[in-house]
Amino acid sequence: MKYYFSIHLSYREFLPYYQGQIYAIVATTDKGIRVQFPASHLREYVTNEGIHGYFCMNTENNKFLSLTKIA
């Protein structure tokens, strides 16, 4: 199943996730579904500005498969 959502976190807001103090990100999809996944999957998308973008999370049987930044 694919879930589409936006994330907008400043570098300072994302820092506790990056450092492992907070483990999971909870996002609300375009269809109003809340999804939760390990914050570590967002590390590759962190910039000096933080994380800003539109993402697609792919799952199968409620298990995380991949996360892709679309825009």
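Every residue gets a number counted from 1 within its own chain, in the order that chain's sequence is written. Residue-level local features of this predicted model are given only where pLDDT is at least 70; pairs of side-chain atoms are given and counted only at 80 or more, and the full residue set underlies all totals for whole chains, interfaces and linings. Side-chain measures here rest on the full set of heavy atoms in the structure, leaving out hydrogens and waters.

Concerning the overall build of the protein
Inference 1: Numbering of helices and strands runs from the N terminus; a helix is a DSSP stretch of H or I covering at least four residues, while a strand is a stretch of E covering at least two. A tally of helices and strands in the protein yields one helix and five strands.
Inference 2: Listing every helix and strand of the protein by position from the N terminus yields β-α-β-β-β-β.
Inference 3: A compact globule built from 71 residues should have a C-alpha radius of gyration of about 11 Å, and the protein, at 12 Å, falls within 12% of that.
Inference 4: Projected onto its principal axes, the C-alpha positions of the protein cover 30 × 25 × 20 Å. Radius of gyration means the value over C-alpha atoms here, while the globule rule gives 2.2 Å times the residue count to the 0.38 power.

Focus: the pairing of strand β5 (residues 63-69)
Inference 1: Any two strands are treated as partners once DSSP identifies two or more bridges connecting them. As paired strands, strand β4 (residues 51-60) and β5 are joined by six bridges and run antiparallel to one another. Each bridged residue has a counterpart across the sheet, and for Phe 55 the counterpart in β5 is Lys 69.
Inference 2: Joining the antiparallel neighbours β4 and β5 is a turn of two residues, in which Asn 61 adopts a positive phi near 55 degrees.

Some thoughts on the nonpolar core
Inference 1: Residues grouped as a nonpolar core are buried Ala, Val, Leu, Ile, Met, Phe, Trp, Tyr and Cys residues, joined through side-chain atoms within 4.5 Å. For the exposure calls, accessible area comes from a 1.4 Å probe over protein chains only, and a residue counts as buried if that area is under 20% of its type's maximum, exposed if over 50%, partly exposed in between. Within the largest apolar cluster, 16 residues are counted, with the highest numbers of intra-cluster contacts made by Phe 5, Ile 7, Ile 25, Phe 37, Leu 42, Phe 55 and Leu 67.
Inference 2: Listed by contribution, the elements that provide at least two residues to this core are β1 (2-9), β2 (24-28), β3 (34-38) and β4.
Inference 3: Of the residues forming this core, the biggest block, four residues, is contributed by β1.
Inference 4: Dropping the residues within four chain positions of it, Leu 42 is found in contact with Ile 7, Phe 14, Ile 25, Phe 37, Ile 51, Phe 55 and Leu 67. Residues count as neighbours in contact if any of their non-hydrogen atoms are within 4.5 Å of one another.

What about the sheet that holds β4?
Inference 1: On the basis of which strands lie adjacent, the open sheet formed by three strands has the order β1-β4-β5 and antiparallel pairing. Only two strands of the sheet have a single neighbouring strand rather than two, namely β1 and β5. The mean angle between the axes of side-by-side strands here comes to 30 degrees, regardless of whether they run parallel or antiparallel. Angles shown run from 0 to 180 degrees and are taken between the N-to-C directions of axes, each axis being a line fitted to C-alpha atoms and, for helices, limited to the stretch in contact.

A closer look at the packing of aromatic side chains
Inference 1: Here is the rule: rings of Phe, Tyr and Trp (six-membered ring for Trp) pair when centre to centre is within 6.5 Å. Planes less than 30 degrees apart are stacked, more than 60 are edge-to-face, and the remainder are tilted. Tallied over the entire structure, the rule returns seven aromatic pairs.
Inference 2: Judged by centre distance (6.2 Å) and plane angle (25 degrees), the rings of Phe 5 and Phe 55 are stacked. You can see Phe 5 sitting in strand β1 and its partner Phe 55 sitting in strand β4, a full 50 residues away along the chain.
Inference 3: Note on Phe 55: relative accessible area 0%, which makes it buried.
Inference 4: Aromatic ring contacts, followed pair by pair, group Phe 5, Phe 37, Tyr 45, Phe 55 and Phe 64 into a single cluster.
Inference 5: Over the aromatic face of Tyr 18 sits the side chain of Arg 43, whose NZ or CZ is 4.8 Å from the ring centroid. Comment: the charge-over-ring label is applied if NZ (Lys) or CZ (Arg) is within 6 Å of the ring centre and within 35 degrees of the ring normal.

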